Amino acid sequence: MKFRDKAWSPWVAFEAIFPVQAALLAEMVARTRGSAGQLWNLSDGGHFENMGGYELIRRQLPLIVIVDAEADPDYTFQGLSDLVRKARLDFNAEITFMTASQLTGHPPAPGDNAQTRSKRQSVVPESVLPYFGDLGSLRRGRWVDESLPTPDGSSMTRYILEVDRSRVSRAHASLAKVRYQNGHESWLVYIKATLMGDEPEDVCHYHRAHPEFPQETTNDQFFDEAQWESYRRLGLHVGHHVLTPELFTQLEQPPAS
């Protein structure tokens, strides 16, 4: 017996009559035909890799842009850590984030004067440099600066973080190098939903009233107008300050080995 040109079975009949429910059930029981199916179910990727960067690293693209929009109120970077781990285990690709001193140029050397330091070219354009920092700069809390030595002899400023969701961050984005086993290298621009305090007043007001913003739980799927507009306007603000033509032009060259 045939059912719409397929060998009849209870599953085929159920799929034909209830396509949406069948797609959800197929995902739950890992029963999917992939590209062989006529209908595809677009699903949240959080059950495997939440950043959307896994396939981009597999393809070794020269410039990768990742926007981390998962709920992460205390900025623990779990989704990013999962991507770094999977990239290393599955592709032998190492993702290394740049420090603040590396972003502004070569790390300072003993005896450098102001003229020498001014000649150094930052890795990212000066126009977007204020919005870039190391991963720690993306977190929010009470800032207590601490100067720490690094293996290359320079110093690096970090902070002792006391988590405070009412505070703002020091950056919107970080930059990383991706090194592959075959010697190729890529740039990875990592953007996190953060507030730096220069956002439009309605966005800042929403944050004052809702300290978890912009990292509110994704369990709430019903946004009111203020919540929706605050996330939309913050995304526009960050995009205009970080993802500029100057940034993409400067990162056309692969990372220096």
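Rules and cut-offs
- Residues numbered from 1 in each chain as written.
- Predicted model: local features only at pLDDT ≥ 70, side-chain atom pairs only at ≥ 80, totals over all residues.
- Heavy atoms only, no water.
- Phe/Tyr/Trp six-rings, centres within 6.5 Å; stacked < 30°, edge-to-face > 60°.
- Buried < 20%, exposed > 50% of the residue type's maximum accessible area, 1.4 Å probe, protein only.
- Lys NZ or Arg CZ within 6 Å of the ring centre and 35° of its normal.
- Salt bridge = Lys/Arg side-chain N within 4 Å of Asp/Glu carboxyl O.
- Helix = DSSP H or I, 4+ residues; strand = E, 2+ residues; numbered from the N terminus.
- Polar contact = N/O pair within 3.5 Å; in protein donor to acceptor, adjacent residues only side chain to side chain.
- Contact = heavy atoms within 4.5 Å.
- Axes fitted to C-alpha atoms, helices over the stretch in contact; angles between N-to-C directions.
- Parallel < 35°, antiparallel > 145°, perpendicular 65-115°, else oblique.
- Nonpolar A, V, L, I, M, F, W, Y, C, P; charged D, E, K, R; others polar.
- Pairing = 2+ DSSP bridges.
- 1 Å grid on protein atoms, 1.4 Å probe; cavity = no way out; pocket = protein on both sides within 12 Å on 5 of 7 lines; lining within 4 Å.
- Points joined across faces, edges and corners; volume = space filled by probe spheres on them.

### Concerning the packing of aromatic side chains
One pass over the full model with this rule turns up 10 aromatic pairs. Consider the rings of F14 and F18, whose centres lie 5.6 Å apart with planes at 45°: the pair is tilted. Relative accessible area serves as the criterion here: at 40%, F18 is assigned to the partly exposed category. Between Y206 and F213, the ring centres sit 5.1 Å apart and the planes meet at 80°, which makes this aromatic pair edge-to-face. A residue is classified by how much of its surface remains accessible, and Y206, at 6% relative accessible area, is buried. Among the aromatic side chains, those forming a connected cluster through ring pairs are Y206, F213, F223, W228 and Y231. Residue placement shows K86 over the ring face of F48; its charged tip is 5.2 Å from the ring centre.

### Quick word on the pattern of salt bridges
Per the counting criterion, the structure on display carries 12 salt bridges. Among the salt bridges present, the one from D72 reaches K192, with a minimum N-O distance of 2.9 Å. With a gap of 120 residues between them, D72 in the loop between β3 (63–68) and α4 (78–91) and K192 in strand β10 (residues 185–192) connect regions that are remote in the sequence. As far as burial versus exposure is concerned, D72 and K192 are alike and both buried. Taken together, the salt bridges that share partners define one network made up of E55, R58 and R59.

### Focus on the side chain of S122
Counting through the fold element by element, S122 comes out in the loop between α6 (114–119) and β5 (141–142). Reaching out from S122, the side chain makes a polar contact with the backbone oxygen of V124 at a distance of 2.4 Å. Ignoring anything within four residues of it in the chain, the contact list for S122 reads L103, T104, G105, L129 and Q250.

### Let's talk about the packing of helix α1 (residues 10–17) against helix α2 (residues 19–28)
Contact geometry for α1 and α2: axes closest at 5 Å, N-to-C directions at 125°. Looking at the two axes, α1 sits oblique to α2. Facing W11, F14, E15, A16 and I17 of α1, the residues of α2 in contact are P19, Q21, A22, L25 and A26. Taken together, the residues that form the contact of α1 with α2 break down as 8 nonpolar, 1 polar and 1 charged.

### So, the pairing of strand β9 (residues 173–179)
Most of β9 is tucked away, with 6 of its 7 residues classed as buried. Of the strand pairs in this sheet, strand β4 (residues 94–97) and β9 are connected by 4 bridges, and their pairing is antiparallel. When the bridges of β9 are listed, I95 appears paired with V178.

### A few points about the environment of E199
By the element assignment, E199 lies in the loop between β10 and α7 (201–209). With a relative accessible area of 7%, E199 lands in the buried category. Placed 31 residues apart in sequence, E199 and S230 show a C-alpha to C-alpha distance of 10.0 Å. Not counting residues up to four positions away in its chain, the partners in contact with E199 are H172, T194, C204, L234 and H237. A distance of 2.8 Å separates a polar side-chain atom of E199 from the backbone nitrogen of M196. At 2.9 Å, the side chain of E199 forms a polar contact with the backbone nitrogen of G197.

### Things to note about the layout of surface pockets
The space that makes up the second largest pocket amounts to roughly 600 Å³. Lining the second largest pocket are 25 residues, with D68, A69, E70, A193 and Y231 positioned closest to its centre. Of all the elements in the fold, those that place two or more residues in the lining of the second largest pocket are β3, β10 and α8 (225–242). Here the lining of the second largest pocket takes 5 residues from α8, the largest share from any one element. For the lining of the second largest pocket, the class distribution of residues is 11 nonpolar, 8 polar and 6 charged.

### So, the sheet that holds β3
Taken in spatial order, the 4 strands of this open sheet run β3-β10-β9-β4, and their pairing is mixed. Looking at the sheet topology across the chains shown, the edges are occupied by β3 and β4. With direction set aside, neighbouring strand axes in the sheet form an average angle of 25°. Of the strand pairs in this sheet, β3 and β10 are connected by 6 bridges, and their pairing is parallel. Across the sheet, D68 pairs through a bridge with K192, a residue of β10. Contacts between α4 and the sheet are confined to β3, β4 and β10, with β4 contributing the most and set at about 140° to the helix.

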